Amino acid sequence: QLMSSARSEFALGLIAAIVTVVIATTIGAVSAYYGGIVDTVLMRLADLVIMMPTLSLLIVVVVLFDLNLFRLAIILGIIDGFGGAAVVIKSQALTIKVKPYMEAVRVAGGGTFHLLFVHMIPNLLPITFLYMMFTVTGAIFSEAVLSFFGVLNIRMSWGIMIHTTQAAGYLL
């Protein structure tokens, strides 16, 4: 059971991490580059997501909609991508934005697309990969908690295994 559910758990974590990295990097880079009203709107959206209790929100979403593991991974990735990861990546993007080579690219005639996708986003990749690792573990934990509570409709999970051992009296 442990080995058969490990494959789906890690696939869930990887999909959630990829969605998180794409969303957080895009929001962080665009917010840092444009600033102004774009930055204000995107960062207030990130603040809203940070303020919401993630586990309670997930329980409500899972109860309202019948989710499989892929859809749960997408929702986890969206929640994490619009949250704290976007704020931290934006702060890193602000430090990249003021580097001398960014000004040199502007003077040389580099457009917005070139600045964002050739210079800013590749320099954001180390911190995005760090958040990718955090998202994998967080997504696996969230799925295990939801399975433990019995709100997910899946066959086998680490949360179901923990619930079964707890119900049989083998824990504590």
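Counting from 1, residues in each chain are numbered in the order their sequence is written. Reporting of local features is limited, given that this is a predicted model, to residues whose pLDDT is at least 70; pairs of side-chain atoms are given and counted only at 80 or more, and all residues count toward the totals for whole chains, interfaces and linings. Calculated side-chain values reflect all of the structure's heavy atoms, with hydrogen atoms and water omitted.

1. Re the packing of helix 7 (residues 112–149) against helix 8 (residues 158–167)
Between helix 7 and helix 8, whose axes approach to 7 Å, the crossing angle comes to 45°. Put simply, helix 7 runs oblique to helix 8. Crossing angle aside, the handedness with which helix 7 passes helix 8 is right-handed. For the pair formed by helix 7 and helix 8, the contact residues are Ile140, Ala144, Ser147 and Phe148 on the first element and Trp158, Gly159, Ile160, Ile162, His163 and Gln166 on the second. Residues are grouped as follows: nonpolar covers Ala, Val, Leu, Ile, Met, Phe, Trp, Tyr, Cys and Pro; charged covers Asp, Glu, Lys and Arg; every other residue, Gly included, is treated as polar. When its residues are assigned to classes, the contact of helix 7 with helix 8 shows six nonpolar, four polar and no charged. Here, axes are lines fitted to C-alpha atoms. For helices the fit covers the stretch in contact, and angles between N-to-C directions go from 0 to 180 degrees. Secondary structure elements follow DSSP: runs of H or I of four or more residues count as helices, runs of E of two or more count as strands, with numbering from the N terminus. Roughly parallel means an angle under 35 degrees; roughly antiparallel, over 145; roughly perpendicular, 65 to 115; everything else is oblique. In this scheme the crossing of two helices becomes right-handed for a clockwise turn of the near helix relative to the far one and left-handed for an anticlockwise turn of less than a right angle. In this description, contact between two residues means that some pair of their heavy atoms is separated by no more than 4.5 Å.

2. Quick look at the side chain of Ser31
Note on placement: Ser31 falls in helix 1 (residues 2–34). The exposure class assigned to Ser31 is buried, which follows from its relative accessible area of 1%. Relative accessibility decides the category of a residue: with a 1.4 Å probe and only protein chains considered, values under 20% of the type maximum give buried, values over 50% give exposed, and everything between is partly exposed.

3. Things to note about the packing of aromatic side chains
The aromatic pairing rule takes the rings of Phe, Tyr and Trp, using the six-membered ring of Trp, and pairs them if the centres are within 6.5 Å, calling planes under 30 degrees apart stacked, those over 60 edge-to-face and the rest tilted. According to the stated counting rule, one finds five aromatic pairs in the structure shown. For the ring pair Phe10 and Trp158, a centre distance of 5.8 Å and an interplane angle of 85° mean the geometry is edge-to-face. Taken together, the residues span a long stretch of sequence, with Phe10 in helix 1 and Trp158 in helix 8 at a distance of 148 residues.

4. Describing the pattern of salt bridges
Between Lys or Arg on one side and Asp or Glu on the other, a salt bridge is scored when a side-chain nitrogen of the former is within 4 Å of a carboxyl oxygen of the latter. Summed over the entire model, instances satisfying the criterion amount to three salt bridges. The closest approach of N and O atoms between Asp39 and Lys90, which form a salt bridge, is 3.2 Å. Of the two residues, Asp39 sits in helix 2 (residues 36–51) while Lys90 sits in helix 5 (residues 84–97), which places them 51 residues apart along the sequence. Taking relative accessible area as the criterion, Asp39 reaches 16% and is therefore assigned buried.

5. Focus: helix 3 (residues 54–64)
Residues Leu58, Val61 and Val62 constitute the buried set of helix 3. In a view along the axis of helix 3, the buried residues occupy a sector of 95°, so they form one face of it. Structural note: helix 3 exposes Val63 and Leu64 on the side pointing more than 90 degrees away from its buried face. Buried residues in helix 3 make contact with helix 4 (69–81) and helix 7. The directions considered for the arc run from the helix axis to the C-beta atoms.

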